[in-house]
Amino acid sequence: MDVQTKSKQSYLNQPTERISGAEAVIRCLIAEGADTIYGYPGGAIMPVYDELFKYQDQIHHVLTRHEQGATHAAQGFARISGRVGVAIATSGPGATNLITGIADAQIDSTPMVCITGQVPSHLLGSDAFQETDIVGISTPVTKWNHQITTAEEIPEVIAKAFYIARSGRPGPVLIDITKDAQFGELDFTYKKCEGIRSYNPIPKVNPVQLSAAAELINNAKSH
Amino acid sequence: MGEAEEEFKAVVEKSGVPAAWTIMGVSAIPTSHPLNVGMVGMHGNYGPNILTNECDVLIAIGMRFDDRVTGKLSDYATQAKVIHFEIDPAEVDKNVKTDVAVLGNAKESLAQILPLLNKNTHTEWLKKFEELSKIEFEKVIKNDLHPTKEGLTMGEVLKEINAQSKGEAAIVSDVGQHQMIACRYAEFNTSRGNITSGGLGTMGFALPAAIGAKMATPEREVVAVIGDGGYQMTIQELGTIFQTKAAVKIVVLNNDFLGMVRQWQQLFFDKRYASTVMTNPDFVTIAKGYQLEAKRVTKREELAAAVEEMMTSKEAYFLEVCVEKEDNVFPMIPSGASVSEIRLE
Amino acid sequence: METELKQFTVSVYAENNIGLLNRISAIFQRRHINIESMNISVSEIEGVSRFIILVNMTEVNVKKIIGQIEKQIEVIKAFYHTDEETIYLESCMFKIKSDLLFEERQIQNIIKESDARIVTVNREFFVLEKSGRRHEIELLHRELSAFGIMQFVRSGRISITKDQMKITELLTEFKN
């Protein structure tokens, strides 16, 4: 998928570092200012948790007792601060347990990014252990979602996820990352997303409408 | 409010237009502000609901005209010119026909409209809100906040919390009767103070959400107000509080019922309390099992001191308050009725 | 009148993305609206897909649906048009036993009058193709079914609008 984002050219010219997809996920979260994230580990997301362990001085992970708790905690975090809440979970039941919180964030317009682990890409569609089509399940309750199957996609997709979650009318975004993408390697560099050509989060204020509104308010009766 | 609190306050003060809020909007301006006239919606205040159908201009800011707010749509503000400040174009004309739609970020559009507004006051109009508020006080609020009967009300617990919080604490409510009471009576000076599950109404929201809220703003007091039903949906998150030592204050208003459903069963289903009776465990022992400071209050005389102890603690604290079992939340707009048909009893 | 049911063609320009079809059909499904036909293809702009969706609904509701469709991140713009505002057609194919072509004189007349094309002939069967309006295709189907149709398929509607949709301008605006 070729993501049409602004400043793609300058992004391609930055210096890179060869790291794993899982490490890239953590580095992206840190770059987006996520200092506290909520989640529950499991098989399909273990590589990411392994990297979390190494970066624990820069990013604090809170282990909740249920993935639904992780989403609500991320929501509470987002509502009181205006920042993007982050919740992570493993595949299968871990991912499906996020749905209630995601639906809640969608209808109340709370900025949230959820990251789920997924079975390795060659197993997709085979009813593997803890495999669910979480992208299919979460489509009606997310502002945007996407499945990552190669490590190279990670930085741009996560940047897009945070941009979409927080811009315009905020909302939840789900990113599903296959285990092989987490283990895979990429030349990592990070650039925040500054725009998406098909997405206009903030309509321009129309001076005509503004004057019409002001006139109505000024002429309102005082009874 | 999209960080438009200052711009909003300026517009309200200059134009003199009374401001009401939905449960998602409360605390955008301090609840004590003289132009703040209360909450709209199914369990909102009497005045704002009735006068929605009498006003000549209705200004909606970042509002989606949810069915719990509008009641019967064909009978909602039909006499008014509707101005809708909104960032999402799909929301305009979705539920309510707009006369003027001002698209954009409220922070910008409110700042830009300020110079176009005349300085004004609407004292006569405001008086109407006050008159209706007096009626509501006599019939409902007095009994909620200053009860004379023996049983504790949810309202008086909120009153004690307000006394301690002085409008600074964030109140995280779950879903049900207690949520309506909390949204109606909690006092806020600082914005982003009310955190609740509005659109989806997810029970079990408050306990984990309070943890996230406290961690995001550790310097702010965070009080979770939860019913005995919702509490048990995510009760395992006490483990997260125990492990992280997040200094969250938890208040469970226990009426041994799924209160909101029971209220509807009383009003509309001849008191057939199907599956709404809750046989509850000893919440205080459970909290202590998670090494949390915990107390139970069953009498009025104990309430103030217990709330004070909770709010002054520097650590997590659990307070169970046993409230009147069959109290109902009023006012109420019955489902499918017009906002003008709001009932006081 | 805005509240009577009418046939509308919804055109959606979107980035080429796998999940988007799902999102868009879900928007109709959620509101219990039946999609009469849907066609997706590349558009006149590189990397941009075009959806043509035929629905039967009120104008009030189609406006709301357009709003919901445009909310999707990968959707660039969505429009709705009536039949009068578009130029449209459908295609169909019939597979018929070859013998009938020789045994039944009528079939040759039907083919000639309907302007259908024979795209393939062999000893067993021949395949007829026709493009045009729905009623023309339905007429041909009725006439041929008297003789026996082995296979029949009809495409969804494809359409071009009479007025401009200015997508390229929108996209150029973004680049600046």
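Since we're looking at a predicted model, the values are computed, not measured. (Residues numbered from 1 in each chain as written. Chains lettered and ligands numbered in written order. Predicted model: local features only at pLDDT ≥ 70, side-chain atom pairs only at ≥ 80, totals over all residues.)

(A) Expanded view of the overall build of chain C. Secondary structure assignment for chain C yields six helices and nine strands. Compactness check: chain C gives a C-alpha radius of gyration of 20 Å against a globular reference of 16 Å for 176 residues, more than 25% above the reference. Along the three orthogonal principal directions, the C-alpha set of chain C runs to about 65 × 35 × 30 Å. When each of the 176 residues of chain C is scored for burial, the buried share is 25%. For chain C, contacts bridging at least 24 residues in sequence account for 76% of all contacts bridging at least 6. (Helix = DSSP H or I, 4+ residues; strand = E, 2+ residues; numbered from the N terminus. Rg over C-alpha atoms; globule rule 2.2 N^0.38 Å. Buried ≥ 20, exposed ≤ 12 C-beta atoms within 10 Å, placed from the backbone. Contact = placed C-beta atoms within 7 Å.)

(B) Region of the structure containing the overall build of chain A. Counting secondary structure elements, chain A contains 10 helices and eight strands. Within the span of chain A, comprising 223 residues, buried residues form 55% of the whole.

(C) Quick peek at the interface of chain B and chain A. At the junction of the two partners, chain B supplies 55 residues and chain A supplies 46 residues. Among the secondary structure elements, those contributing two or more residues to the side of chain B that touches chain A are strand 3 (57-61), strand 4 (81-86), strand 5 (100-103), helix 4 (106-113), helix 5 (123-145), strand 6 (170-173), helix 8 (206-216) and helix 10 (238-244) of chain B. Element by element, the count of residues in the side of chain B that touches chain A is highest for helix 8 of chain B, at eight residues. Here the residues of the side of chain B that touches chain A are counted per class, giving 27 nonpolar, 19 polar and nine charged. (Nonpolar A, V, L, I, M, F, W, Y, C, P; charged D, E, K, R; others polar.)

(D) Just the sheet that holds strand 8 (residues 222-227) of chain B, in detail. Residue and element names in this part refer to chain B. Reading across from one edge, 7-6-8-9-11-10 is the order of the six strands in this open sheet, with parallel pairing throughout. Strand pairing shows two members of the sheet lacking a second neighbour, strand 7 (194-196) and strand 10 (293-297), which therefore form its edges. Across the sheet, the mean angle from the axis of one strand to that of its neighbour is 20°, orientation sign disregarded. Of the pairings in the sheet, the one linking strand 6 to strand 8 comprises four bridges and is parallel in character. When the sheet's bridge partners are listed, Ala-170 is paired in strand 8 with Val-222. On top of the sheet, helix 8 reaches strand 6, strand 7, strand 8 and strand 9 (249-254); it is set at about 175° to strand 8, its chief contact. (Pairing = 2+ DSSP bridges. Axes fitted to C-alpha atoms, helices over the stretch in contact; angles between N-to-C directions.)

(E) Local environment of the domain arrangement of chain C. Segmenting chain C into domains produces domain 1 (6-87 + 158-175) and domain 2 (89-154). Relative placement of domain 1 of chain C and domain 2 of chain C: their C-alpha centres are 32 Å apart. (Domains from an automatic or database assignment.)

(F) The packing of helix 4 (residues 67-81) of chain A against helix 8 of chain B, seen in detail. Put simply, helix 4 of chain A and helix 8 of chain B touch, their axes get as near as 6 Å, and they point 45° apart. Taken together, the axis directions place helix 4 of chain A and helix 8 of chain B in an arrangement best described as oblique. The chirality of how helix 4 of chain A crosses helix 8 of chain B is right-handed. Across from Gly69(A), His72(A), Ala73(A), Ala74(A), Gln75(A), Gly76(A), Phe77(A), Arg79(A), Ile80(A) and Ser81(A) in helix 4 of chain A, the residues of helix 8 of chain B making contact are Pro208(B), Ala209(B), Ala210(B), Ile211(B), Gly212(B), Ala213(B), Met215(B) and Ala216(B). (Parallel < 35°, antiparallel > 145°, perpendicular 65-115°, else oblique. Left-handed = near helix turned anticlockwise from the far one by under 90°.)

(G) Geometry of the sheet that holds strand 2 (residues 36-40) of chain A. Residues and elements named next belong to chain A. Read from one edge of the open sheet, six strands run 3-2-4-5-7-6, paired in parallel fashion. For this open sheet the edge positions go to strand 3 (60-63) and strand 6 (144-148), each flanked by a neighbour on one side alone. Taken pair by pair, the neighbouring strands of this sheet meet at an average axis angle of 20°, ignoring direction. Strand direction decides the pairing type here: strand 2 and strand 4 (residues 85-89), joined by three bridges, are parallel. Among the inter-strand pairings, Tyr-40 is bridged to a residue of strand 4, identified as Ala-89. Here helix 4 sits on the sheet in contact with strand 2, strand 3, strand 4 and strand 5 (112-118), set at roughly 170° to strand 4.

(H) How the structure looks around the packing of helix 10 (residues 207-218) of chain A against helix 4 of chain B. Between helix 10 of chain A and helix 4 of chain B, the shortest axis-to-axis distance is 10 Å and the interhelical angle comes to 60°. Looking at the two axes, helix 10 of chain A sits oblique to helix 4 of chain B. Seen along the crossing, helix 10 of chain A lies across helix 4 of chain B with a hand that is right-handed. Across from Leu210(A), Ala213(A) and Ala214(A) in helix 10 of chain A, the residues of helix 4 of chain B making contact are Ser109(B), Gln112(B) and Ile113(B). In terms of residue class, the contact of helix 10 of chain A with helix 4 of chain B is built from four nonpolar, two polar and no charged.

(I) Region of the structure containing the environment of Thr3(C). Residue and element names in this part refer to chain C. For Thr-3, the position within the fold is in the segment before strand 1 (6-15). Under the C-beta neighbour-count criterion, Thr-3 is labelled exposed, with 8 such atoms within 10 Å. Sequence spacing of Thr-3 and Asn-61 is 58 residues, and the spatial spacing of their C-alpha atoms is 8.5 Å. Those residues in contact with Thr-3, other than ones at most four positions away along the chain, are Thr-58 and Val-60.

(J) Spotlight on unusual backbone geometry. Residues and elements named next belong to chain B. Look at the link from Phe-330 to Pro-331: it is a cis peptide, with omega at 0°. By secondary structure assignment, the location of Pro-331 is in the segment after strand 11 (317-322). Its identity is not glycine, yet Lys-245 carries a phi of approximately 60°, on the positive side. Classification of Lys-245 by C-beta neighbours within 10 Å gives exposed; the count is 11.

(K) Quick look at the pairing of strand 2 of chain A. Residue and element names in this part refer to chain A. Judged by how many residues are buried, strand 2 sits mostly within the fold: four of five residues are covered. Note that strand 2 and strand 3 share four bridges and pair parallel. Paired with Thr-36 across the strands is His-60, a residue of strand 3. In this region the chain leaves strand 2, passes through helix 3 (residues 46-54) and returns to the parallel neighbour strand 3; the handedness of that crossover is right-handed. (Right-handed = clockwise from strand over helix to strand, strands pointing away.)

(L) Spatial organisation of helix 7 (residues 177-185) of chain B. Counting buried residues along helix 7 of chain B, nine of its nine residues qualify, which places the element largely inside the surrounding structure. Every buried residue belonging to helix 7 of chain B is among Gln177(B), His178(B), Gln179(B), Met180(B), Ile181(B), Ala182(B), Cys183(B), Arg184(B) and Tyr185(B), and all of these are buried.

(M) Representation of the environment of Arg79(A) in the model. Relative to the helices and strands, Arg79(A) resides in helix 4. In this view, Arg79(A) contacts Thr110(A), Arg192(B), Ile195(B) and Ala213(B); residues no more than four positions away in its chain are not counted.

(N) Local environment of the pairing of strand 6 of chain B. All names here are of chain B. Neither face of strand 6 is left uncovered, since the one carrying Ala-170 and Val-172 and the one carrying Ile-171 and Ser-173 both have all their residues buried. Examined bridge by bridge, strand 6 and strand 7 share three bridges and lie parallel to one another. Looking across to strand 7, one finds that Val-172 is bridged to Ile-195. In terms of handedness, the path from strand 6 via helix 7 over to strand 7 forms a crossover that is right-handed.

(O) Spatial organisation of the nonpolar core. In terms of nonpolar packing, the biggest core is built from 169 residues, with Val25(A), Val113(A), Ala224(B) and Val251(B) touching the most fellow members. Broken down by element, this core gets its largest block of residues, nine residues, from helix 8 (residues 154-166) of chain A. Taken domain by domain, this core gets at least three of its residues from each of domain 1 (5-131) and domain 2 (150-322) of chain B. Aside from chain neighbours lying at most four places away, what touches Val251(B) is Val157(B), Val223(B), Ala224(B), Val225(B), Ile226(B), Leu319(B) and Val321(B). If you look at the next biggest cluster of nonpolar residues, it comprises 22 residues, including Val12(C), Val48(C), Met57(C) and Ile69(C). (Core = buried A, V, L, I, M, F, W, Y, C linked by C-beta atoms within 7 Å.)

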